[in-house]
Amino acid sequence: MSVPDLIIDPSLRYWVLLPISFAMVLFGVLRQYISILLQPTPKLQPVKKLREIEYIKKAQLLKQHFWNVPKKDFESRQTYLSENLENGSYLAEPVQENQQPPNPLTDPGASDAMLGMAKNSFGNFAAQTLMMGWVNFFFAGFVLMKLPFPLTLRFKQMLQSGVATADLDVRWVSSISWYFIAILGLNSVFNLLLGDGSVANQMMQQQVAPSMPGGPTPDKIMNAEANDLKIIPYKHVLEDVDARVLKIYGSK
């Protein structure tokens, strides 16, 4: 016997779906600015240390956006950065033989970085728990939408949390499940509203070194970036653009 399809009240869209979505966006923006206000004053760093960090970022940006740079300019930047990163010209401190990485339990800078990461993680956990409790308290048991693609029964427990209906189609989504789906999809919205990358994270990155406690040292990071730059298969974004446009629209 087939189970009849549900008929959703259109008012749920305005009284449940949109309030949850709007509250999550507003909550994310408020959490962003609260985290900025709670950030400690950035510690001043030597010019050489800042130069070391910025040149690592410069190599990473070139790897990500090289197709927007003309070939001649790319080759000159590739050669300049790979050579200087490989020979350690921009290291804040010269590499010493048999140098041991700092102990995160005794090094003051590493311990401060770990403490900041722990505070940030705890704040995110508390905020998500508070938001999930609000959604679960006011909107528990609502069925909001039906996904337009089929799913297996393994998704039923995740998508229909709080709905005590055993034979309901797995594609129906409850309110608390919509909260978890929106968490995964709101990063692009936050990037649009707050810029590419959160300001709080950028401030945190300015306070700590590019290598995390116990991670690779700056000289190893630079060598890895130099090797990556050398093997980039360059192709400009406008290369053969006329042939590609004709291939798409020529047969129409």
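Here, every reference points to the structure presented above.
To keep things clear, this report deals only with the structure shown in the data block. (Residues numbered from 1 in each chain as written. Predicted model: local features only at pLDDT ≥ 70, side-chain atom pairs only at ≥ 80, totals over all residues. Heavy atoms only, no water.)

### A look at the overall build of the protein
Defined as follows: Secondary structure counts use DSSP, requiring at least four H or I residues in a row for a helix and at least two E residues in a row for a strand, with both numbered from the N terminus. Accessible area is worked out with a 1.4 Å probe on protein chains only. A residue is then buried under 20% of its type maximum, exposed over 50%, and partly exposed in between. Reported accessibility uses the Shrake-Rupley method at a 1.4 Å probe radius. Residues are deemed covered only where the shown protein chains occlude them.
Broken down by element type, the protein carries 10 helices and 2 strands. Counting helices and strands in the order they occur from the N terminus, the protein gives α-α-α-α-β-α-β-α-α-α-α-α. The burial tally for the protein puts 27% of its 252 residues in the buried class. For the protein, the exposed surface amounts to about 17600 Å²; the carbon and sulfur share of it is 63%.

### A word on the packing of helix α1 (residues 11-38) against helix α7 (residues 187-194)
Rules: Between N-to-C directions, angles span 0 to 180 degrees; the directions come from axes that are lines fitted to C-alpha atoms, helices contributing only their stretch in contact. Orientation is classified from the angle alone, with under 35 degrees giving roughly parallel, over 145 giving roughly antiparallel, 65 to 115 giving roughly perpendicular, and any other angle giving oblique. Should the near helix be turned counterclockwise from the far one by less than a right angle, the crossing is left-handed, whereas a clockwise turn marks it as right-handed. We call two residues in contact when some of their heavy atoms are within 4.5 Å. The classification used treats Ala, Val, Leu, Ile, Met, Phe, Trp, Tyr, Cys and Pro as nonpolar, Asp, Glu, Lys and Arg as charged, and all other residues, Gly among them, as polar.
α7 packs onto α1 with a crossing angle of 55° between their chain directions and a minimal axis gap of 11 Å. Compared by their axis directions, α1 and α7 come out oblique. Crossing of α1 against α7: the hand is right-handed. The residues of α7 that touch α1, namely those facing Met24, Val25, Gly28, Val29, Gln32 and Tyr33, are Val189, Phe190, Leu193 and Leu194. Class assignment of the residues belonging to the contact of α1 with α7 gives a composition of 8 nonpolar, 2 polar and no charged.

### Some thoughts on the pattern of salt bridges
Quick reminder of the rule: Salt bridges are defined as contacts in which a side-chain nitrogen from Lys or Arg sits within 4 Å of a carboxyl oxygen from Asp or Glu.
Evaluated as defined, the whole model comprises 7 salt bridges. The salt bridge involving Lys63 is made with Asp228; its shortest N-O contact spans 3.2 Å. Of this pair, Lys63 sits in helix α2 (residues 47-65) while Asp228 sits in helix α9 (residues 218-230), and the two are 165 residues apart along the sequence. For Glu86, the salt bridge is made with Lys230, and the minimal N-O distance between the two is 2.8 Å. Of this pair, Glu86 sits in helix α3 (residues 71-86) while Lys230 sits in helix α9, and the two are 144 residues apart along the sequence.

### As for the nonpolar core
Operational definition: Among buried residues, those of type Ala, Val, Leu, Ile, Met, Phe, Trp, Tyr and Cys that are joined through side-chain atoms within 4.5 Å constitute a nonpolar core.
With 21 residues, the main nonpolar core has Val16, Ile20, Met24, Trp178 and Tyr179 as its most contacted residues. For this core, the leading source of residues is α1, giving 7 residues. Residues in contact with Met24, not counting those within four places in the same chain, are Met131, Tyr179, Ala182, Ile183, Leu186 and Phe190. Counting 16 residues, the second largest nonpolar core, distinct from the first, contains Tyr55, Ala59, Leu62 and Tyr90.

### Comments concerning the packing of aromatic side chains
To keep things clear, this is the line we draw: Stacked, edge-to-face and tilted are the three classes for Phe, Tyr and Trp ring pairs, Trp counted by its six-membered ring, which pair at centre distances within 6.5 Å; planes under 30 degrees apart are stacked, over 60 edge-to-face, the rest tilted.
Under the definition given, this model contains 10 aromatic pairs. Their ring planes at 50° and their centres at 6.4 Å tell us that Phe66 and Tyr234 sit as a pair that is tilted. Of this pair, Phe66 sits in the loop between α2 and α3 while Tyr234 is found in the loop between α9 and α10 (241-249), placing the two residues 168 residues apart along the sequence. Judged by relative accessible area, which is 11%, Phe66 ranks as buried. Three or more aromatic residues link up through ring pairs in this structure, and these residues are Phe66, Trp67, Phe74 and Tyr234.

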